[in-house]
Amino acid sequence: MAKQARMEGVDRISNLPDPILSHILSFLPTKEAVATSILSTRWSKIFSQISNLNLDDHCKRRKSDSYSFMNFVDRVLFYRIGVVDKFHLKCGDSIDSYRVDGWIRYALLNRVRELDLCLKVKELNMVPLGVFTCKTLEVLRLDIYSKSNIVLKLPVEICYPSLKILHLSGIEFSDDDSIQRLFSGCSVLEELVVDRCNLKHRCKFNVSSPTLQRLTIAYTKGYYQDYEIVIDAPSLVYFKCCHLPKSFLLKNLNSLVEACVDFGTVFDCYDSFVYYNKAATDLFKGISNVQSLHLSGIFAEVFLQVSNIIPELPKLTYLNLDGYFFVGWERVLPDLLACFPGLEALVFKVNQHYSCDISRVKFPAKAFPAFLWSQLRTFKILSFKGQKNEFQMVEYFLEYAQVLENFTVQTRERKQDAANWRSKITKKLSKLQKVSKKCKVWVV
Amino acid sequence: MSEGVMAVVKPEMKSYIWLQTTDGSIQQVEEEVAMFCPMICREILQTGMGSSKNYAISLPQRVNPAILGLILDYCRFHQVPGHSNKERKTFNEKFVRMDTKRLCELTSAADSLQLKPLVDLTSRALARIIEGKTPEEIRETFHLPDDLTEEEKLEPLRNITDDPRIRLLNRLYARKRKELKEREKLKNVEVEEERVDERSVDDLLSFINGGDQDSKGVRTTKNKKKNRRRKEQLKHSSDSVDVNYNKELDAAPAACNQGNIDNILVPTRSKTSKLQDSSAVIFSPKMEFDDADIDDDIDPAMKEELDREVEDFARRLNSDWPERMQEILSLGHERRLVPMSINGEGPMSRFSSLGRRY
């Protein structure tokens, strides 16, 4: 039957022009793409024209597997022709670092546009300095996984005329000077992600770029957080920060539209929870133009004094709150939302700590700012568990939000009896009184 | 759409573009939808065509009416600026759910209209179809002709460069396979026929997977087919040097091998196993060594000699590649296999020089 079908079928795919066939193969892992060379005569040379290289050793640590992988990569590089558009390499310590260095040089020599290195190594001796002076490079992602961060050796002259996207993970910056050299060499940088990087003691992380549009600084480690971050980016549209440093200076963020801030947990040398009020204040002062804000983390007592930390953010229309408050939502939200006079959409994730039954607490409507009820159009609750205090919150909002149009409840993942439980919640929710006639309730 | 529809002029003064496919049929399409295609857009702007039925824009040959309909659906959705990214993604996912035949036609048509986003979308869909399949499965899905010779399938990367060392190794393998095959044939005639078809796939799998395969049973069948192939290859080979080479070897295989074995350093057992695992080597000597599994009762001494000879060859060819290149480039004098890579000597002299050296 199958053979018959094959005889009857027409081979249409081989009629596609060579560039299209190699474009199709460029989406496959290189190993599979090379394997197509034995399909038929038409396909025998296509693999050598693919401009994307996607090499992954799949973390195999056996010597024979590493050997086989290294030989495979050598041959693929040897027999291919044309420029390299994307070079993605993922490998570990079992691969000889001199070979890896050679492969990266090959990519650099062949005018690579996007270089993506994911290395699980102890030392960074396989990244040639040429990576930092490559004229054709537009995207560089350097992702290092190791027990302790590896110092990034940067050449004296860093020149990146085309680099638009830069991601650095798991490295250590040796000093201010190297950071400066790196960023000043990127004249057209649009996106920067610095993740899990180490800054030395009293280091100043200075990002100053007129072209930068997206910036993420996450989980930076420093000596007892004693480092400073300075950002000057007039074109910045998106800013994400996970774990605040001790000192923050944000200048000229006039174009900022969206910000994600994760306060996280910060412990000082005495292992006690520390909160850098000043840094938080500076942060919010710096992002005052933002329209959309995601707040997450452990807010602790600081948020009881929220009015001191967060100034008024007049342009904010969307707020996403995913925090552990240690106190009930009813104690935190009113003051918090008072800082956002333009709020129209609120997304709220239910976390563990506010298990307070407000029926026991006197909770008048005027605790929340008045403007909220006449503006809030969208309200979404995530990770809804169906507990009493959660229903009370929902009830409360439905009772007072006059122009609410979309109310969504996303239930928490539940393994047993999910559909049944969800329909119970839906029933209960639909019975609640809604002051807004247009309000639609969705349970997902 | 028909002329009748055109006659009813819409109050909003929507303008339409006329498109003609190669079969002669003419369609009218809303202007903003048609302009989404760069090729059509250029035609309109540069030549002014498309404004009426008589001056319909001729679409490239690869666009037939049914596919044009699909393309216009795509354009109609995406040219609307209001859709969110999520909506577009959902639409795209549903849009590419079609049989491979149409997907190929759509890719071809989108390419001729230079509609890059649609080309990307369909290419990714085709890549998803190809991913994870064995070569046999891919051929079935796309109705590809199985027109490579078995030899070509085994050595895909060799065809691109005509490396004389590789040719020599090839011949060694051929000879070896042939001999083993002859012995095996005496043993197991019916079984061989049955397994013929599977063999090519398994060969390829073991080559491509680089040793991930474990089934011994698979390997045993390989050798038989390979030997047959080798035989055919030898028959077809018109290279006089080849013939001479083979002749000489055939004439006195035992003598030759004996001589060589004495001179070529016998690798230890451990090395054998090491090389068996490194099947990224061009010719997968692994396949050769599996002969040891099935041919144990057939002149093991002879077989082992051949094994070692071939393995040594392959090992030197492939395992020390970077170091040897450095040697070649820096030292410039001949060591081990170096003479073969530099000079275009005939295989005869190479082989004998090798024999002399070791």
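The structure presented is a predicted model; accordingly, all values stated were derived computationally and were not measured.

When helices and strands are tallied, chain A shows twelve helices and 22 strands. With 444 residues in all, chain A has 52% of them scored as buried. Counting only contacts in chain A whose residues sit at least 6 apart along the sequence, the fraction spanning at least 24 positions is 69%. Within the structure as shown, chain A displays about 20,400 Å² of accessible surface, and the carbon and sulfur contribution to it stands at 51%.

Moving on to the packing of aromatic side chains. Residue and element names in this part refer to chain A. Across all of its chains, the model carries 20 aromatic pairs over all chains by this definition. Taking 6.5 Å as the distance between ring centres and 80° as the angle between the ring planes, the aromatic pair formed by Y396 and F397 counts as edge-to-face. Summarising the burial analysis for this pair, Y396 and F397 share the class buried. Between Y396 and Y400 the ring centres are 4.9 Å apart and the planes differ by 50°, which places this aromatic pair in the tilted class. Of this pair, Y396 and Y400 both sit in helix 11 (residues 388-400), four residues apart, which is roughly one turn of the helix. Classification of Y400 as partly exposed rests on a relative accessible area of 26%. Cluster of aromatic residues (ring-pair linked, three or more members): F368, W373, F379, Y396, F397, Y400 and F407. Above the face of the Y145 ring, R196 is positioned so that its terminal group lies 4.8 Å from the ring centre. Lying across the ring of Y238, R214 places its NZ or CZ 4.2 Å from the centre.

Before going further, it helps to spend a moment on unusual backbone geometry. Residues and elements named next belong to chain A. Positive phi outside glycine occurs at N252, with the angle close to 55°. Counting through the fold element by element, N252 comes out in the loop between strand 15 (247-251) and strand 16 (258-262). Within the chain, S383 stands out as a residue other than glycine whose phi angle is a positive 60°. Tracing the sequence through the fold places S383 in strand 20 (residues 378-384).

Residues and elements named next belong to chain B. Between helix 7 (residues 116-130) and helix 8 (residues 135-142), whose axes approach to 10 Å, the crossing angle comes to 130°. Taken as axis vectors, helix 7 and helix 8 run oblique relative to one another. In this structure, helix 7 uses L126, I129 and I130 to contact helix 8, whose residues at the interface are I138, T141 and F142. For the contact of helix 7 with helix 8, the per-class residue count stands at five nonpolar, one polar and no charged.

Glancing now at the pattern of salt bridges. Residues and elements named next belong to chain A. One pass over the full model with this rule turns up 22 salt bridges over all chains. Two residues, D101 and R105, come together in a salt bridge whose shortest N-O distance is 2.6 Å. Of this pair, D101 and R105 are both found in helix 5 (residues 97-109), four residues apart, which corresponds to roughly one turn of the helix. With a relative accessible area of 13%, D101 lands in the buried category. Residues R141 and D116 are paired through a salt bridge, measuring 3.2 Å at the closest nitrogen-oxygen approach.

This next bit is on the sheet that holds strand 3 (residues 57-58) of chain B. All names here are of chain B. Taken together, the three strands give an open sheet; going across it, the order is 2-1-3, and neighbouring strands pair in mixed fashion. Edge positions in the sheet fall to strand 2 (26-30) and strand 3, since each of these pairs with one other strand and no more. Where strand 1 (residues 16-20) meets strand 3, two bridges bridge the pair, whose relative direction is parallel. Along strand 3, the bridge assignment pairs Q20 with S58.

The next thing to look at is the sheet that holds strand 15 of chain A. Residue and element names in this part refer to chain A. Spatial strand order, 10-13-15: three strands in an open sheet with parallel pairing. Among the strands making up the open sheet, the edge pair consists of strand 10 (204-208) and strand 15. Along the sheet, successive strands turn relative to each other by an average axial angle of 5°, direction set aside.

On to the confidence of the model for chain B. All names here are of chain B. Residue-level pLDDT values for chain B average 63, and 41% of them are 70 or greater. Mean pLDDT across the elements of chain B ranges from a minimum in helix 16 (residues 285-289), with 37, to a maximum in helix 7, with 92. Between residues 192-199, whose pLDDT stays under 50, and residues either more than four places distant or in other chains, the model counts 16 contacts. Two numbers describe this predicted complex: its pTM, 0.67, and its ipTM, 0.73.

So, about a positive patch on the surface. All names here are of chain A. A grouping of R414, K424, K427, K428 and K431 is seen on the molecular surface, where their side chains present a positively charged patch. By the element assignment, K427 lies in helix 12 (residues 418-430). For K427, a relative accessible area of 56% puts it in the exposed group.

Thresholds, definitions, all that
- Residues numbered from 1 in each chain as written.
- Chains lettered and ligands numbered in written order.
- Predicted model: local features only at pLDDT ≥ 70, side-chain atom pairs only at ≥ 80, totals over all residues.
- Heavy atoms only, no water.
- Helix = DSSP H or I, 4+ residues; strand = E, 2+ residues; numbered from the N terminus.
- Buried < 20%, exposed > 50% of the residue type's maximum accessible area, 1.4 Å probe, protein only.
- Contact = heavy atoms within 4.5 Å.
- Areas by Shrake-Rupley, 256 points an atom, 1.4 Å probe, with all protein chains shown as cover.
- Phe/Tyr/Trp six-rings, centres within 6.5 Å; stacked < 30°, edge-to-face > 60°.
- Lys NZ or Arg CZ within 6 Å of the ring centre and 35° of its normal.
- Axes fitted to C-alpha atoms, helices over the stretch in contact; angles between N-to-C directions.
- Parallel < 35°, antiparallel > 145°, perpendicular 65-115°, else oblique.
- Nonpolar A, V, L, I, M, F, W, Y, C, P; charged D, E, K, R; others polar.
- Salt bridge = Lys/Arg side-chain N within 4 Å of Asp/Glu carboxyl O.
- Pairing = 2+ DSSP bridges.
- pLDDT = per-residue confidence, 0-100.
- Patch = residues over 30% accessible without salt bridge, like charges linked within 9 Å, V, L, I, M, F, W, Y side chains within 5 Å.
- Lys, Arg positive; Asp, Glu negative; His and termini not counted.
- Charge placed at Lys NZ, Arg CZ, Asp CG, Glu CD.

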